[in-house]
Amino acid sequence: MLWFSCSIALTVGCRKQPLFINSAENIPIAYETHGFGKPALVFVHGWSCDKSYWKDQVQAFSQKYEVITLDLAGHGDSGVERDDWTIESFGGDVSQVIEKLGISEAILIGHSMGGDVIVAAAQRLQGRIKGLVWIDTYKQLGNYRTAEQTEAFVAPFRNAFEEKTNSFVRSMFPPGSDPSLISKIAKDMSSAPPDIAIGALKSGMTYDRKVTVALDALDLPIIAINPDKPATDSLSMKKYGVKSIIMHNVGHFPMLEKPDEFNRVLSKAIEEIVAASSKQ
């Protein structure tokens, strides 16, 4: 699973002032709403990321849909008063926002770790969710990590968080990528609070065993938008009902690297989910 993201605000000029809804533990969760139209599109960021990473999607999709972006607890403008940073608790943040806003029809769109989070949220929101879109969350399904593999991956982040995160982020871009974008993301990710980031990292690394069970129970249309490298095992994804769409010459952040192309791909995915839900 690849679900590493970032929290730097790439917006230019003034940001919209966020609104807040309290989580189940009374942590303030920052969110924004834009536009009108059903189903609502709820964009969920990834590891150490924030809602600003969807700026190009907010502008494009709010002309037709209600678009909701939010900061998970411990990220962006949201509160940090939580003991355990888990996929399930992040899913609760998303479901709380949707429930409090009275959203009856939604498509959940998650980047990286956010793909796991929207699965956890959908389990709490059955009947309201029309489908899920993953952005470089899984390249294959059904091949689970052992506890030893998880610890081996997490240990370098625990031992030298800033250095390991910086180098890891830089490895997620293909040759020829915008150096300024790479530097901004690497700098921001490596400055995330280590206790929050490592807790979320460990939870996400073990969620692969839960996600396949959850997908069977949800029985929703799911589309994965992945970069071409490393290759996606489309057959293993299809086994669990996930359709794979491949973008070429992008890395882990296609919504920032090639926003216009990404928006066209995402638009088709949304239209496909809407068509499928109308037949049910």
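See the structure shown above.
As a starting point, this report considers the structure included with it. (Residues numbered from 1 in each chain as written. Predicted model: local features only at pLDDT ≥ 70, side-chain atom pairs only at ≥ 80, totals over all residues. Heavy atoms only, no water.)

As for the overall build of the chain
We count it as follows: Think of it this way: any DSSP run of H or I at least four residues long counts as a helix, any run of E at least two long counts as a strand, and we number them from the N terminus. Each radius of gyration reported is based on C-alpha atoms, and the globular scaling rule is 2.2 Å times the count of residues to the power 0.38. Only protein chains enter the accessibility calculation, which uses a 1.4 Å probe; a residue whose area is less than 20% of its type maximum is buried, one above 50% is exposed, and one in between is partly exposed. Every residue pair with non-hydrogen atoms within 4.5 Å of one another is taken to be in contact. Accessible areas in this description were obtained via Shrake-Rupley with a 1.4 Å probe; residue shielding takes into account the shown protein chains only.
When helices and strands are counted, the chain shows 11 helices and 8 strands. Relative to a compact globule of 280 residues, whose C-alpha radius of gyration would be 19 Å, the chain shows 17 Å and is just as compact. Taken across its 280 residues, the chain has 56% of its residues classed as buried. A separation of at least 24 residues holds for 75% of the contacts in the chain among residues at least 6 apart in sequence. Per element, the accessible surface of the chain, about 12,000 Å² overall, is 51% carbon and sulfur.

Section: helix H8 (residues 208-218)
We count it as follows: What the arc measures is the spread of directions leading from the helix axis to the C-beta atoms.
What H8 keeps buried is the set Asp 208, Val 211, Thr 212, Ala 214, Leu 215 and Leu 218. The buried residues of H8 occupy an angular sector of 165° when projected down its axis, which confines them to one face. Among the exposed residues of H8, those oriented more than 90 degrees off its buried face are Val 213, Asp 216 and Ala 217. Structurally, H8 contributes buried residues whose contacts are with helix H3 (113-124), strand S6 (129-135), helix H7 (194-205), strand S7 (222-227) and strand S8 (242-247). Looking one or two places after H8, you find Asp 219, whose phi comes out positive at around 50°.

As for the packing of aromatic side chains
Here a ring pair, both rings aromatic, is described through the centre-centre distance and the interplanar angle of the planes. In plain terms, the rule: Here the aromatic set is Phe, Tyr and Trp, taking the six-membered ring for Trp, and pairing holds for ring centres within 6.5 Å; pairs whose planes are under 30 degrees apart are stacked, those over 60 apart are edge-to-face, and all others are tilted.
Tallying each qualifying case throughout the model produces 10 aromatic pairs. Relative to Phe 61, the ring of Phe 43 lies with its centre 6.4 Å away and its plane at 45°, an arrangement referred to as tilted. Of this pair, Phe 43 sits in strand S3 (residues 40-44) while Phe 61 is found in helix H1 (residues 55-61), placing the two residues 18 residues apart along the sequence. Summarising the burial analysis for this pair, Phe 43 and Phe 61 share the class buried. Taking the centre distance of 6.0 Å and the plane angle of 90° together, the rings of Phe 153 and Phe 168 count as edge-to-face. Pair noted here: Phe 153 is in helix H4 (residues 147-159) and Phe 168 is in helix H5 (residues 161-170), with a separation of 15 residues, a long-range link. For Phe 168, a relative accessible area of 14% puts it in the buried group.

Remarks on the packing of H5 against helix H6 (residues 179-190)
Heads up, the condition is: What counts as an axis is a line fitted to C-alpha atoms, over the stretch in contact for a helix, and the angles between N-to-C directions run from 0 to 180 degrees. For classification purposes, angles smaller than 35 degrees are called roughly parallel, those larger than 145 roughly antiparallel, those between 65 and 115 roughly perpendicular, and all remaining angles oblique. Crossings are assigned a handedness: left-handed for a near helix turned anticlockwise from the far helix by less than a right angle, right-handed for a clockwise turn. Residue classes follow a fixed rule: Ala, Val, Leu, Ile, Met, Phe, Trp, Tyr, Cys and Pro count as nonpolar, while Asp, Glu, Lys and Arg count as charged, and any other residue, Gly among them, counts as polar.
Viewed as axis vectors pointing N to C, H5 and H6 meet at an angle of 150°, and their least axial separation amounts to 8 Å. The angle between H5 and H6 falls in the class roughly antiparallel. The interaxial crossing formed by H5 with H6 has right-handed handedness. Contacts between H5 and H6 pair Phe 161, Glu 162, Thr 165, Asn 166, Val 169 and Arg 170 from the former with Ile 182, Ser 183, Ile 185, Ala 186, Met 189 and Ser 190 from the latter. Classifying every residue of the contact of H5 with H6 by side-chain character gives 6 nonpolar, 4 polar and 2 charged.

Some details on the pairing of S3
Note the cut-off: The rule for pairing is simple: two strands pair if DSSP sees at least two bridges between them.
Counting buried positions along S3 yields 5 of 5 residues, so the element is predominantly enclosed. Side chains Ala 40, Val 42 and Val 44 of S3 all project onto a buried face; the interleaved residues Leu 41 and Phe 43 project onto the opposite face, where all are buried too. Alignment of S3 against strand S5 (residues 106-111), held across 5 bridges, turns out to be parallel. The residue bridging Val 44 from the neighbouring strand is Gly 110, located in S5. For S3 and strand S4 (residues 67-70), the ladder comprises 4 bridges, and the chain directions are parallel.

Overview of the pattern of salt bridges
Going by this rule: Each salt bridge in this description consists of a side-chain nitrogen of Lys or Arg and a carboxyl oxygen of Asp or Glu lying within 4 Å of one another.
The final tally for this structure, using the stated rule, is 9 salt bridges. Within this structure, Glu 25, Arg 82 and Asp 93 form a network of salt bridges that share partners.

Topic: the side chain of His 45
Our working rule: Side-chain atoms alone can form a polar contact between residues adjacent in sequence; in general such a contact is a pair of N or O atoms within 3.5 Å, and within protein one must be able to donate a hydrogen while the other accepts it.
With respect to the helices, strands and loops of the structure, His 45 is situated in the loop between S3 and H1. Overall, the relative accessible area of 0% leaves His 45 in the buried class. Of the polar contacts made by the side chain of His 45, one reaches the backbone oxygen of Cys 49; its length is 3.5 Å. If we skip the residues at most four places from it in the chain, His 45 touches Asp 50, Lys 51, Trp 54, Leu 70, Asp 71, Leu 72, His 75, His 111 and Gly 114.

Take it as geometry only, folks, not as evidence of what the structure does.
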